[in-house]
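Take a look at the letters that make up each chain.
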Amino acid sequence: MATNNSGRLYRSNDKMIAGVCAGVAEFFGLDTSMVRLATVFLILFAGLSLWVYIILWLIVPRSPK
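Throughout what follows, the structure given in this document is the object of discussion. Since the model is a prediction, treat every value here as computed from it, not as a measurement.

1. Some points on the overall build of the protein
- Assigned secondary structure in the protein consists of three helices and zero strands.
- The order of α-helices and β-strands along the protein, N terminus first, is α-α-α.
- Surface accessibility of the protein: about 4800 Å² in total, with carbon and sulfur atoms responsible for 67%.

2. Observations regarding the packing of helix α1 (residues 20–28) against helix α2 (residues 32–45)
- Where α1 meets α2, the axes come as close as 8 Å, and the angle between the chain directions of the two elements is 125°. Classified by the interaxial angle, the pair formed by α1 and α2 is oblique. In the packing of α1 onto α2, the handedness of the crossing is right-handed. Facing α1, whose interface residues are C21, A22, V24 and A25, α2 presents T32, V35, R36 and T39.
- In terms of residue class, the contact of α1 with α2 is made up of five nonpolar, two polar and one charged.

3. Quick notes on α2
- For α2, with 14 residues, the first-to-last C-alpha span of 20 Å sits near the 20 Å given by 1.5 Å per residue.
- Looking only at α2, the buried set comprises T32, V35 and T39. Buried residues of α2, seen end-on, are gathered within an arc of 65° and therefore sit on one face of the element. Of the residues in α2, the exposed ones pointing more than 90 degrees away from the buried face are M34, L37, L44 and F45.
- Residues of α2 that are buried make contact with α1 and α3 (50–59).
- Of the residues flanking the end of α2, it is G47, one or two places downstream, whose phi is positive at about 90°.

4. Things to note about the packing of aromatic side chains
- If you walk through the whole model with that rule in mind, you get two aromatic pairs.
- Both rings, one in F27 and one in F28, keep their centres 4.9 Å apart while their planes meet at 85°; by these two values the pair is edge-to-face.
- Judged by its relative accessible area of 54%, F28 falls in the exposed class.
- Ring plane angle 45° and centroid distance 5.3 Å describe the contact between F41 and F45, whose orientation is recorded as tilted. With F41 and F45 both in helix α2 and four residues apart, this pair spans about one turn of that helix.
- Taking the relative accessible area as the measure of exposure, F45 reaches 63% and is therefore exposed.

Cut-offs used in this document
- Residues numbered from 1 in each chain as written.
- Predicted model: local features only at pLDDT ≥ 70, side-chain atom pairs only at ≥ 80, totals over all residues.
- Heavy atoms only, no water.
- Helix = DSSP H or I, 4+ residues; strand = E, 2+ residues; numbered from the N terminus.
- Areas by Shrake-Rupley, 256 points an atom, 1.4 Å probe, with all protein chains shown as cover.
- Axes fitted to C-alpha atoms, helices over the stretch in contact; angles between N-to-C directions.
- Parallel < 35°, antiparallel > 145°, perpendicular 65-115°, else oblique.
- Left-handed = near helix turned anticlockwise from the far one by under 90°.
- Contact = heavy atoms within 4.5 Å.
- Nonpolar A, V, L, I, M, F, W, Y, C, P; charged D, E, K, R; others polar.
- Expected span 1.5 Å × (residues − 1).
- Buried < 20%, exposed > 50% of the residue type's maximum accessible area, 1.4 Å probe, protein only.
- Arc of directions from axis to C-beta.
- Phe/Tyr/Trp six-rings, centres within 6.5 Å; stacked < 30°, edge-to-face > 60°.

As structure tokens, this is what we get:
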């Protein structure tokens, strides 16, 4: 598990759709699968809008690596 030591949030190259969940997982040092599952759960059951994910996809820069 790679952690982001730069202090900035980036979209990860380890991506399924856009790399947003993997980037958040790297930033906080969490397991990527758990962040992806939590995101799906929040979108389906807790009212997190899919638009939030899309906006993060557009705003968060790609990883420079």
